[in-house]
Amino acid sequence: MTLAEATRAASAARCAHCGLPVPGGDPPAPAEEPARGAETPLFCCSGCATVYGILREGGLDEYYRMAERRREPVASSGRAFEEYDHASYRDLYVTKRADGLLACDFYLEGVTCGSCDWLVERVPLLVSGLTRAELDLRRARVHGVWDGASVSLSSIARTLDTLGYRPHPYRGLRLERARRDEDRAALARIGIAGAIAVNTMLAALALYSGWLTGMEPAYERYFRWLSLLLVTPALIWPGRVFFRGAWAAVRTRSLHMDLPIAIALGAGYARGLYNTVRDAGPIYFDGVTLLIFLLLVGRFLQQRAQRAAGDAAELLYSLSPASARVLEGTGTGTRDVPVEALLPGMLVEVRAEETLPADGVVVEGRSALDLALLTGESRLVTVAAGAEVFAGTVNRGSILRMRVDRAGEESRLGRILREAEAGALRRAPIVATADRLSGVFVLVVLALAAATLAIWWRLSPTHAVDHAIALLIVTCPCALALATPLAVSVAIGRAARLGILVRGGAALEALARPGRIYFDKTGTVTEGSVSLLAWEGPEEAKRLVLALERHSSHPLARAFEVVWDAPPVEGEAVAKDVVYTAGGGLEGIVEGRRVVVGSPAFVSARASRPGAEGRGTCPPAGASALGSAPEGTPVHVAIDGAVVGRAVFGDAIRDDARASLAWLRARGYDPHLLSGDDPGIVASVGASLDFAADHCRGGAIPEEKLRVVEEAERRGPVVMVGDGVNDAAAIARAAVGIGVSGGAEACLASADVYLTRPGLGTLVTLVEGSQRTLAVIRRNIVFSVAYNLVGAALAMTGLINPLIAAILMPASSMTVLLASWKSQTFTTDR
Amino acid sequence: MSVIYIVIPLALIVVGVAVAAFLWAAKRGQFDDLETPAVRALHEDAPAKPAKENHDRS
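Residues numbered from 1 in each chain as written. Chains lettered and ligands numbered in written order. Predicted model: local features only at pLDDT ≥ 70, side-chain atom pairs only at ≥ 80, totals over all residues.

Moving on, we get to the overall build of chain A. Along chain A, the regular secondary structure elements total 28 helices and 27 strands. A buried classification covers 45% of the 830 residues belonging to chain A. By sequence separation, contacts in chain A at least 24 residues apart represent 69% of the contacts at least 6 residues apart. (Helix = DSSP H or I, 4+ residues; strand = E, 2+ residues; numbered from the N terminus. Buried ≥ 20, exposed ≤ 12 C-beta atoms within 10 Å, placed from the backbone. Contact = placed C-beta atoms within 7 Å.)

Structure representation (C-alpha cells):
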C-alpha cells in the first residue's frame, strides 16, 4: 500500500456511528458523509454497531443528520442492572407518583452535548412503558417516569447503557429538593427587587430633574408617595432577608455585614417615610431599593457558583459501585443486588477490574488486588483462598469468589469514611478576607454614623439625622459585598472549564498563601498503576513476548502491551500452547520458539542456559544498568531456554510532577510526601523528586495521615493532596483538601477542590489561579473601600444629597463588576 | 401633565403583571435549567412523533 492509498483509507474508513477512524477497516469507496451512501456502514466497535442498529430500527436515524454529535465510541458496560429491580433499591431511589407511575433520577455517564439530549429524551420511543425521560444537560441527570406494570427499571437502564450512557442512581434527592426551592425563592426575590428598583429610580429621576428645572409641588408630592408605595413591598418581601440576618447577628452578638445593611435600609426607609408625610426633605427610596437588588444579586451569584461545583463533585460521588454479584444458593447462578442489601455470610463474585463490595475472605480463585485507593500501597497483592480482603480494593487479576464478613458501615472502608466525616467536623474554618473585614467595617460605619449624628446635632439639629442616614446608605457595603463573591464566582466558573472543580471561595484564598502541602504518593505524584519502568534485552524479543502476553489478562501483561504495542508491531506473531502459572508467569510456543516470561525464580527454573549463549546478549545479573533502576517488580524473559531480557515494573512518577513541585517550591510552598506505601519506595520516589529525607514519610495508615495533618494545622493552614480512601480523613481535616483525578469517591466527597484532569500540572494552574483571584479580590476591596471613604467624607461634611448617593452606589458596584469580569484568573497559558 | 396620574399607575400595573409572570415562571422551575432547553429547541421534532422515514436515504 502506498502512502497516498493509506491516507485515503484512513480518511474514508470512519465509523458510521461515532465518526472515528475504523481500525483495520477495508477502505470503501470514498464517502464524505459516513453512513449515508448505499454501501454497508462500517463501525469502529461492536458498541457503535449495536446503537446504529437500534436507532435505525426505532426510526431515530435523524440522529445522524445532527451537526454536533458525540465523537466517542460507544462503550456500554453490558451489565444486566438486575439490582435495579430489587426491593431495597426501590425503597432507596424510586418514588411513586400520584398518577401511579414510578419516577427515578439517574446520573448518566458520557453525556456531552446536544445530541445526547436528543437521544436520551427519545429513549421512550425505544422502550414501551417509559413515558418520559428528561435530561438536565448541565448536571448530566435524567428524570425518568415509567409504568411499573409494563416495564422494569432494569430494562430501561439496560437501554440507556446500550446507547452508551451508563446510568447511576442519584443519591440525595431530598437535599436537592430543598436547594431547588431555595434557589427559586432567591430568584423570585431578585425579580421583585429588580422591578421595584428600576421603577423607583424612574420616579427618582423625575424628582431629581424636578429639582433642577422646577416642579409643581403637587407633582413632587405625587412622585414621593409613588416611591413610598413601591419601596414598601421591596422592603417587606425581598429585603426581609437582611433584617433576619441582622437579627441573628444581634442574638449571637456577632458583627455581621447584614447589621449595617439592615440599619441603613431601616433608617433610610423610616426617614423617607417621615419626610414624605411631612412633605419636605430628602427621601432615600431609590437608594434603598437599589441596595436590596444589588446585594441580593451578589448573594445569588455566590451561591450559584458554589452549587455548580458541588453538583459536579456529587456526580462523581455517585459513580461508586452500587451493586454486587451474589451467588445463588447452589453456587452456579448469580444475581445483582444493591451493595446496601449485602449481609454477612453471603457469597459474592468479583470479576476482573471490579471493586470489592465488602470486607471478607476469599473462598475461591487466585488474583492480584490493587490496594492503592484503600492503603496507598503501589504493589499489587496476590490473594488466594483464605486471604482476608477489603471493600474498596480493585480486583486486577481474574475472577474471585468471597464470603462477606462485614458490609457497609462495618467494613474497613466504612470506618475510614466515618473518620473522614469526623475530620470534616473538626476542620478549622478558613476565614475569608471579606469576612474578616466585615467585622471591622461594621464597627467603623456604626461609629462614623454615631459621630456624624453627634457632631451635626450641635451644629444644626435639623440636618443631623439626614446626614447620618446619608452616611449609612452611601457606605452600605454594596460593592464590598459583591467584591469577593463576584471574583470568586468568575474564578470558579473559569476553573471548571479547565477541569478544576472548586467548592468554595475560601479554599481559593487559602491556597493563594504559601504554606505546607502534603502529597499522597500512589496515584497522586505517581500514575497509580503498574507500568513498565525499564527494559533491557533485544528488540525482537518484544514481539515474541507480546504474542504471549495477549493470552493473559494479568495487569503486567497489559502493561507490556501499553508500552510496546504503539505503534503496532509489524507482522503479529501468534502464540500456541500457552500455560499460565499463578504467581509465576507465562510460557508458550511462539513461531516455533519456546518463550517464558515471569518472575526471576519462575524463569530461571525453566531456563537451562541462563544467558550463556543464543541471540540475546544478557549481561550477568547485578552488573546491569537495571541495578540502579527504580524499585519495582522484576520480570525476566527467556527464549529457547536462555534468559535474554529483564523488565522492571512499577508505579511511574507522573511526567509533570517534577516541574510542578519545582514551581511550588520556587513560590515558597513547602511540599511534603505522606504515603501509606512501603517507606523504602516512598524514600526512593521522594529522592528522585528532590524531597528532603525528612519531608518524606511512608507507611502511614489513614489514622496517622490524619494525625500528621492535624499536628501541622496547629502551625497554619495545611493543604492535603490525595486520591485514595486512605487520604479521605486527612483531606477532610486539612484546611484545603484536594482530590486528584481517578480518586476514590470517599476522597471526592471530602475534598474542597477536585482536579478532573490527571497530573500535577493542574495543581499549578489551581495555585496560580488562586493567587490571581486573591489579587482581584484585594483590588475589588480597595476600590469599594475607596468609594465608601469618599462617600463617608461627603456625608460627614454634609455635602451629600440623595442624588450623589444614587450615583455613587451603582458606580462602585459597576467598577467591581467589570474588574471581576475582565480579570484573567484561570487561564491555560502560563 | 396631569395625564401622569393615569399613565404611571397603568405602567405600574403592567410591571405588576410582568413580575407576577416572572414569579409564576420561577416557581414552576422555568429557570432551574438554563442550558438544556436552548439545545432542545434546535432538535427538529418533538419526541412524540419521530421521523419514520429517512428522506436522505438514496
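Strand order in the open sheet formed by three strands is β11-β10-β13 (chain A), with antiparallel pairing between adjacent strands. At either margin of the open sheet sits one strand with a lone partner, and together these are β11 (381-383) and β13 (394-395) of chain A. (Pairing = 2+ DSSP bridges.)

What follows is about the packing of helix α22 (residues 657-666) of chain A against helix α27 (residues 761-796) of chain A. Residues and elements named next belong to chain A. Contact pair α22 / α27: the axes reach a minimum separation of 8 Å and the direction vectors enclose 25 degrees. One way to sum up the angle between α22 and α27 is to call them roughly parallel. Between α22 and α27 lies a crossing whose hand is left-handed. The segment α22 lies against α27, with S660, W663 and L664 engaging G761, L763, V764 and V767. In terms of residue class, the contact of α22 with α27 is built from five nonpolar, two polar and no charged. (Axes fitted to C-alpha atoms, helices over the stretch in contact; angles between N-to-C directions. Parallel < 35°, antiparallel > 145°, perpendicular 65-115°, else oblique. Left-handed = near helix turned anticlockwise from the far one by under 90°. Nonpolar A, V, L, I, M, F, W, Y, C, P; charged D, E, K, R; others polar.)

Here we take up the packing of helix α24 (residues 702-713) of chain A against helix α25 (residues 725-733) of chain A. Residue and element names in this part refer to chain A. Viewed as axis vectors pointing N to C, α24 and α25 meet at an angle of 20 degrees, and their least axial separation amounts to 7 Å. Taken together, the axes of α24 and α25 are roughly parallel relative to one another. Note that α24 runs across α25; the crossing there is right-handed. Contact residues: α24 offers P702, K705, L706, V709 and E710, while α25 offers N726, D727, A729, A730 and R733.

Each partner contributes residues to the interface: chain B has 26 residues there, and chain A has 26 residues. When residues of the side of chain B that touches chain A are traced back to their parent elements, those giving at least two are α1 (4-27) and α2 (36-40) of chain B. In terms of residue count, the dominant contributor to the side of chain B that touches chain A is α1(B) (nine residues). Partitioning the side of chain B that touches chain A into residue classes produces 14 nonpolar, four polar and eight charged.

The next subject is the sheet that holds strand β25 (residues 718-722) of chain A. All names here are of chain A. Strand order across the open sheet formed by seven strands is β15-β27-β26-β25-β16-β23-β24, with mixed pairing between neighbours. Each end of this open sheet is capped by a strand with a single partner; those strands are β15 (500-502) and β24 (696-697). Across three bridges, β15 lies against strand β27 (residues 753-755) in antiparallel orientation. Paired with I500 across the two strands is L755, which belongs to β27. Sheet contacts for α24: β16 (516-519), β23 (670-674) and β25; angle to β25, the most-contacted strand, approximately 155 degrees.

Another aspect to go through is the environment of A:A487. Looking at the element boundaries, A:A487 is found in helix α16 (residues 478-497). The spatial distance from the C-alpha of A:A487 to the C-alpha of A:V776 is 6.5 Å, given a sequence separation of 289 residues.

A few words now on helix α2 (residues 46-57) of chain A. Residues and elements named next belong to chain A. Helix length check: α2, at 12 residues, gives a terminal C-alpha distance of 17 Å against a target of 16 Å (1.5 Å per residue), a fit within 8%. Considered for burial, the residues of α2 that qualify are C48, V51 and Y52. For α2, the arc enclosing every buried residue in end-on projection is 105 degrees, short of the 170-degree limit, so these residues lie on one face. When the buried face of α2 is taken as reference, the exposed residues oriented beyond 90 degrees from it are S46 and E57. Downstream of α2 by a residue or two, G59 has a phi angle that is positive, lying close to 70 degrees. (Expected span 1.5 Å × (residues − 1). Arc of directions from axis to C-beta.)

Attention now goes to unusual backbone geometry. All names here are of chain A. One non-glycine residue, E591, lies in the positive phi region at around 50 degrees. Phi at D640 takes a positive value of approximately 50 degrees, unusual for a residue other than glycine. Within the secondary structure, D640 sits in the loop between β21 (633-639) and β22 (642-653).

Given 3.6 residues to a turn, an α-helix orients residues that are three or four positions apart in the same direction. The first and last C-alpha atoms of α27(A) sit 52 Å apart over 36 residues, in line with the 52 Å expected at 1.5 Å per residue. Looking one or two residues past α27(A), A:G798 carries a phi angle of roughly 80 degrees, positive in sign.

Residue and element names in this part refer to chain A. With 186 residues, the main nonpolar core has L265, V719, M720 and V753 as its most contacted residues. Looking at this core element by element, the count peaks at 13 residues for α16. The residues touching M720, leaving out its near neighbours within four places in the chain, are Y518, V709, D727, A730, I731, A734, G737 and I738. Counting residues in hydrophobic clusters, the runner-up holds 40 residues, among them C18, L126, A140 and I156. (Core = buried A, V, L, I, M, F, W, Y, C linked by C-beta atoms within 7 Å.)

Attention now goes to the environment of A:Y64. Among the structural elements, A:Y64 can be located in the loop between α2 and α3 (87-93). In this structure the C-alpha to C-alpha distance between A:Y64 and A:Y52, which are 12 residues apart in sequence, comes to 9.4 Å.

So, on to the confidence of the model for chain B. Caution is warranted with low-pLDDT regions, since their predicted coordinates should not be read in detail. All names here are of chain B. For chain B, per-residue confidence averages 75 on the pLDDT scale, and 72% of positions sit at 70 or higher. Confidence drops under pLDDT 50 across residues 48-58; counting only partners more than four residues distant or on other chains, this segment forms 11 contacts. Scoring of the predicted complex yields 0.67 for pTM and 0.77 for ipTM. (pLDDT = per-residue confidence, 0-100.)

All names here are of chain A. Taken across its six residues, strand β19 (residues 585-590) has five buried, putting it largely inside the fold. Where strand β18 (residues 575-581) lies against β19, five bridges are found, and the strand directions are antiparallel. In the strand pairing of β19, V579 is matched with E587. As judged from the six bridges shared by β19 and strand β20 (residues 593-598), these two strands associate in the antiparallel manner. Bridge pairing links G588 to V595 in β20. Between β19 and β20, which follow one another and run antiparallel, lie two residues, and E591 among them has a positive phi close to 50 degrees.

All right, on to the environment of A:G376 then. By the element assignment, A:G376 lies in the loop between α12 (372-375) and β11. Once residues within four sequence positions are removed from consideration, A:G376 is found in contact with A:D520, A:K521, A:T522, A:S675, A:G676, A:D677, A:G724 and A:N726.

Below, the discussion takes up the pairing of strand β10 (residues 367-370) of chain A. Every regular strand shows the same layout, with side chains that alternate between the two sheet faces. All names here are of chain A. Burial of β10 is two-sided: the residues S367 and L369 facing one way and the residues A368 and D370 facing the other way are all buried. Pairing between β10 and β11: three bridges, direction antiparallel. Paired with L369 across the bridge in β11 is V381. Note that β10 and β13 share two bridges and pair antiparallel. Bridge pairing in β13 places L369 opposite N395.

Let us look at the confidence of the model for chain A. Residues and elements named next belong to chain A. Confidence in the prediction for chain A averages 79 pLDDT; 85% of positions are at 70 or higher. β16 holds the highest mean pLDDT among the elements of chain A, 93, whereas helix α1 (residues 3-12) holds the lowest, 50. Note that residues 25-38 has pLDDT below 50 and, in this model, 25 contacts with residues that lie over four places away or in other chains. pLDDT under 50 marks residues 611-629. Its contacts with residues more than four places away, or in other chains, come to 35 contacts.

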